[in-house]
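Residue-level structural notes
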Amino acid sequence: MRSNTVRPTRLEAVDVDVPAPGGGRLRAERSGSGSPVVLLHGAGMDARLWDAVVPELARHHDVVRYDARGLGRSSLPERPFDDVEDLSAVLDHFGLDRAALVGLSMGGETALDFALAHPGRVSALALVGASVSGHDWPQDPQSSAYATARRQRDAAALAALELSIWASMGRTAAGGELIETMVADNAERRIAGEPFFAHFPDRDAESRLREIAVPVLVVHGDQDHPEIAAIAERLVADIPGAHGVAVPEADHYLPLRTPERLVELLLAHLA
């Protein structure tokens, strides 16, 4: 589907509201020129995750980033929704038949699920600290506390756990203030939106990784949660031709901790 959206000139950023499937809107930004790249953030975050990456990436590519349903400036869901369908709606709105997908955490999971559902629409994948559907996460005290905060709809506890588990390098490390602000801004919205996130028990990208047939870069921070490193190892082992990189001095919020290194890796991968 082609839209009538006017393309911005080189490096000019344009904010738009993309109609979301089933109602509501997704807040998106498009900037730059070149081959298209769509940036997908993780749960509890929003598109500000990519603030330090977009300026340089947009010098070489047509870059789209958007706030996932219920997060950032996108509207809260009122009925069940699917992030894969939302991504398809964003591509359609901007008239993009095919694009490279760069996804962090939940965004990486969405990118993989989309690539398996719509292989002709994906030119390349970059999976940053990615999760993957079908993965059996081990239980530990931190994970149990995290699940309890979500179940009890305790936004303050959820935000504190998000920072302690996933932003372990703390406020004084690069990007720390923005990370804290994003997490605080999205905690209540995340709790309000999660009950409407559609669950697909049969969606299992982990068992289908060998079907991925586009160039794949797998990146994770050396100070991320240990299970993210285990997932990264699995992705590199099972996706044909995938290339893995562990980035020093980065936790789960790698695009804000080490943006220059991530941009370097992305430009080389997407060239």
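The rules behind each value
Residues numbered from 1 in each chain as written. Predicted model: local features only at pLDDT ≥ 70, side-chain atom pairs only at ≥ 80, totals over all residues. Heavy atoms only, no water. Salt bridge = Lys/Arg side-chain N within 4 Å of Asp/Glu carboxyl O. Helix = DSSP H or I, 4+ residues; strand = E, 2+ residues; numbered from the N terminus. Buried < 20%, exposed > 50% of the residue type's maximum accessible area, 1.4 Å probe, protein only. Axes fitted to C-alpha atoms, helices over the stretch in contact; angles between N-to-C directions. Parallel < 35°, antiparallel > 145°, perpendicular 65-115°, else oblique. Contact = heavy atoms within 4.5 Å. 1 Å grid on protein atoms, 1.4 Å probe; cavity = no way out; pocket = protein on both sides within 12 Å on 5 of 7 lines; lining within 4 Å. Points joined across faces, edges and corners; volume = space filled by probe spheres on them. Nonpolar A, V, L, I, M, F, W, Y, C, P; charged D, E, K, R; others polar. pLDDT = per-residue confidence, 0-100. Core = buried A, V, L, I, M, F, W, Y, C linked by side-chain atoms within 4.5 Å.

Turning our eyes to something else, we now look at the pattern of salt bridges. Enumeration according to the criterion identifies 22 salt bridges in this entry. Arg234 is the partner of Glu206 in a salt bridge, and the nearest nitrogen-oxygen pair spans 3.6 Å. In this pair, Glu206 sits in the loop between helix 6 (176-193) and strand 7 (216-221) while Arg234 sits in helix 7 (residues 226-238), placing the two residues 28 residues apart along the sequence. Residue Arg234 is classed as partly exposed on the basis of its relative accessible area of 35%. The residue Arg261 makes a salt bridge to Glu264 at a minimum N-O spacing of 2.8 Å. With a gap of three residues between them, Arg261 and Glu264 both fall in helix 9 (residues 259-270), about one helical turn apart. Counted as one network, the salt bridges with shared partners bring together Arg150, Glu162, Arg190 and Glu194.

What follows deals with the packing of helix 2 (residues 83-93) against helix 3 (residues 106-117). Relative to each other, helix 2 and helix 3 sit at 75 degrees, their axes nearing to 9 Å. Viewed along their axes, helix 2 and helix 3 adopt a mutual orientation that is roughly perpendicular. Contacts between helix 2 and helix 3 involve Asp83, Val84, Leu87, Ser88 and Leu91 from the former and Met106, Thr110, Asp113 and Phe114 from the latter.

A volume near 1,200 Å³ is recorded for the largest pocket. Lining the largest pocket are 45 residues, with Met106, Glu109, Ser131, Arg150 and Arg190 positioned closest to its centre. Mapped onto the lining of the largest pocket, the elements with two or more residues apiece are helix 2, helix 3, helix 4 (141-151), helix 5 (155-166) and helix 6. In terms of residues, the lining of the largest pocket owes the most to one element, helix 4, which gives five residues. Of the residues assigned to the lining of the largest pocket, the class counts are 19 nonpolar, 15 polar and eleven charged.

Here we take up the environment of Ile212. Mapped onto the secondary structure, Ile212 falls in the loop between helix 6 and strand 7. Residue Ile212 is classed as buried on the basis of its relative accessible area, which comes to 5%. Spatially, the C-alpha atom of Ile212 lies 9.2 Å from that of Asp238, the residues being 26 residues apart in sequence. When neighbours within four sequence positions are excluded, Ile212 is seen to be in contact with Leu112, Ala115, Leu116, Leu125, Ile239 and Pro240.

Another aspect to go through is the confidence of the model for the chain. For residues with low pLDDT, the predicted coordinates do not support detailed interpretation. In the predicted model, the chain carries a mean pLDDT of 93, and 96% of its residues have values of at least 70. Below pLDDT 50 for its whole length, residues 1-9 participates in 22 contacts with residues either more than four positions away or in separate chains.

Attention shifts here to the nonpolar core. In this structure, Leu39, Leu49, Trp50, Val102, Tyr253 and Leu266 are the most contacted members of the largest nonpolar core, which totals 44 residues. Considering every element that reaches this core, the biggest residue donor is helix 5, with six residues. Discounting chain neighbours no more than four positions away, the residues touching Trp50 are Leu39, Leu40, His41, Arg65, Val102, Leu104, Pro255 and Leu262. Counting 38 residues, the second largest nonpolar core, distinct from the first, contains Val16, Val84, Phe114 and Ala205.

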